[in-house]
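In case you want the letters, here they are:
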Amino acid sequence: MKISVIQQRLDIRYDHRNDPPLLDTLIRDADRRLDECFELIEKAAGEGTDLAVTIETVNACTALGDTRFAYNELYGGIDGATAKRFSAAAKKHGIYIVAGLLLTIEGEPYNCAVLFDRDGDVVGIHKKVHLPAGEELHVKAGDRFEVFATELGNIGMLVCWDMQFPEAARELALGGADLICCPTLGWENIYGLSRAYENSVTIAAAMTAFGDELPALNSPSCIVDNMGNIVAAAEKDTVCVVTAEIDILKEPETQYGSHIFYPSNSMRKTRFSQRRPDTYKLQNKPLEDMPLYHRYFKQ
């Protein structure tokens, strides 16, 4: 199959305490970004892609920390105009799309990844679970990791900060994910490639183009195979589409001679079979029961 990651700029930075831009101006900027996104989706479709992944919150119009406007009043739901545009684009081009969108669901705002199929139908929605500092001012956190069966394979989704947590990708891998799509504001190879390798799962991450402005977030959008190798990557400071042909169902080769002693032709099978969940005593305990908690939250 062909996967495309769509890299765009999301430069919404202003002093929201002193003379911030008018909302109409911010909405016009967001609309231009969305128009650009659909142009890039059309380009990806022209390259024969089966699935395109956008950046995180591609429809965002206000800066983080600007609490003048409630997100559940700014952003529509899955039946709103923006989501309908993505649905129409998926149907028009006959492709799957994972769109990073701010959505209002049951009256609450969420930072989401939405999977649309070739007919424009919504296959699934992932609500960002892990919220970095500041984001909790605007959106609620999700509480689940789901895998969605498609003709392309089993697809899971994470959003940005979710990828920082090994447990998130592991949940999807244990759920049978062949591919994890990650709309993100900032992608760092140091952890992104690790999530692919340690879980034997393909990852497609679409990142915001910051260039050298934020060096901590300057690893570019990329597609990573289930051995942790970058198959294709963007230039870090460009608005672009990167497309790669990749077999997400191909089993990762065994390593370290493990196949000699264990009947497996897949590193995914080997890792899964040799897990020892009976020994992982702390991972699902309440935070207060963990020794690390008392290091940071004694008082």
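In this text, all values refer to a predicted model and were calculated from it rather than measured experimentally. Starting afresh in each chain, residues are numbered from 1 along the sequence in its written order. Since the coordinates come from a predicted model, pLDDT governs what is reported: local features require at least 70, and pairs of side-chain atoms require 80 or more to be given and counted, while whole-chain, interface and lining totals use all residues. Each side-chain value is derived from all of the structure's non-hydrogen atoms; neither hydrogens nor water enter the calculation.

> Explain the sheet that holds strand β8 (residues 179–184) here, please?
By way of backbone hydrogen bonds, the strands of a sheet pair with one another, either parallel or antiparallel. Following DSSP output, two strands are said to pair if at least two bridges run between them. Secondary structure counts use DSSP, requiring at least four H or I residues in a row for a helix and at least two E residues in a row for a strand, with both numbered from the N terminus. As summarised here, the arrangement of the six strands in space is β6-β7-β8-β9-β10-β11, forming an open sheet in which the pairing is mixed. Looking along the sheet, the strands with just one partner apiece sit at the ends: β6 (147–150) and β11 (230–233). Each strand of the sheet is rotated relative to its neighbour by a mean of 20 degrees, with strand direction disregarded. Here strand β9 (residues 202–207) pairs with strand β10 (residues 222–224) via three bridges, running antiparallel. Opposite Ile203, over in β10, you have Val224 as the bridge partner. Between N-to-C directions, angles span 0 to 180 degrees; the directions come from axes that are lines fitted to C-alpha atoms, helices contributing only their stretch in contact.

> I'm lost on the nonpolar core in this one. Help?
Where a protein is soluble and globular, its nonpolar side chains tend to be buried together. Only buried Ala, Val, Leu, Ile, Met, Phe, Trp, Tyr and Cys residues count toward a nonpolar core, and they belong to the same one when joined by side-chain atoms within 4.5 Å. Relative accessibility thresholds used throughout: buried, under 20% of the residue-type maximum; exposed, over 50%; partly exposed, between the two (1.4 Å probe, protein chains only). Ile41, Val58, Phe86, Ile97, Leu101 and Phe116 are the most contacted members of the largest nonpolar core, which totals 36 residues. Listed by contribution, the elements that provide at least two residues to this core are α1 (23–46), α3 (81–93), β3 (96–105) and β4 (108–116). The element contributing the most residues to this core is α1, with eight residues. Aside from chain neighbours lying at most four places away, what touches Ile97 is Ile41, Ala52, Phe86, Ala89, Ala90, Val114, Leu115 and Phe116. Among the nonpolar cores identified, the runner-up in size contains 27 residues, and Val98, Ile155, Leu179 and Ala232 belong to it. Contact criterion: two residues are considered in contact whenever any of their non-hydrogen atoms come within 4.5 Å of each other.

> Just to check I follow, could you spell out the pairing of β6 for this structure?
In regular strands, side chains alternate between the two faces of the sheet. By the alternation rule, side chains of β6 split into Phe148 and Thr150, which are all buried, and Val147 and Ala149, of which none is buried. Here β6 runs beside strand β7 (residues 153–157); their pairing, made up of four bridges, is antiparallel. The residue bridging Phe148 from the neighbouring strand is Ile155, located in β7. What sits between β6 and β7 in their antiparallel hairpin is a turn of two residues.

> What is the right way to look at the side chain of Asp178 in this model?
As for its placement among the helices and strands, Asp178 is situated in the loop between α4 (166–174) and β8. What qualifies as a polar contact is a pair of N or O atoms within 3.5 Å, subject to a donor-acceptor requirement within protein and to the restriction that residues adjacent in sequence count only when both atoms come from side chains. Polar side-chain contacts of Asp178 include one of 3.5 Å to the side chain of Arg268. If sequence neighbours within four positions are ignored, Asp178 has contacts with Gly153, Asn154, Val201, Thr202, Ile248, Leu249 and Arg268.

> Honestly, the side chain of Asp66 in this entry has me stumped. Any pointers?
As for its placement among the helices and strands, Asp66 is situated in the loop between β2 (51–53) and α2 (71–74). Within the local environment of Asp66, its side chain forms a polar contact with the side chain of Arg68, the two groups lying 2.8 Å apart.

> Mind showing me how you'd approach the pattern of salt bridges here?
Two side chains bearing opposite charge may form a pair once their charged atoms approach each other closely. Here, a salt bridge means any side-chain nitrogen of Lys or Arg that lies within 4 Å of a carboxyl oxygen of Asp or Glu. Scanning the entire structure with this criterion turns up 13 salt bridges. In this structure, Arg85 and Asp35 form a salt bridge, with 3.1 Å as the shortest nitrogen-oxygen distance. One end of the pair, Arg85, is in helix α3; the other, Asp35, is in helix α1, with 50 residues separating them in the sequence. Judged by its relative accessible area of 35%, Asp35 is partly exposed. Between Glu135 and Lys128 there is a salt bridge, and its shortest N-O distance comes to 2.9 Å. For Glu135, a relative accessible area of 10% gives the class buried. A relative accessible area of 1% places Lys128 in the buried class. Ionic contacts of the salt-bridge type, sharing partners, join the residues Asp50, Arg118 and Glu151 into one network.

> I keep staring at the packing of aromatic side chains and nothing clicks. Help me out?
Centres within 6.5 Å are what make two rings of Phe, Tyr or Trp a pair, Trp counting through its six-membered ring; a difference in plane orientation under 30 degrees is then read as stacked, over 60 as edge-to-face, and the rest as tilted. Following the criterion strictly, the structure yields six aromatic pairs and no others. Aromatic rings pair up to connect Phe38, Phe86 and Phe116 into one cluster. Counted as over-ring charges are cases with an Arg CZ or a Lys NZ within 6 Å of the ring centre that also lie within 35 degrees of the ring normal. Stacked on the ring of Tyr110, the Lys or Arg Lys127 has its end atom at 4.5 Å from the ring centre. The side chain of Arg271 reaches across the aromatic face of Tyr197, ending 4.5 Å from its centre.

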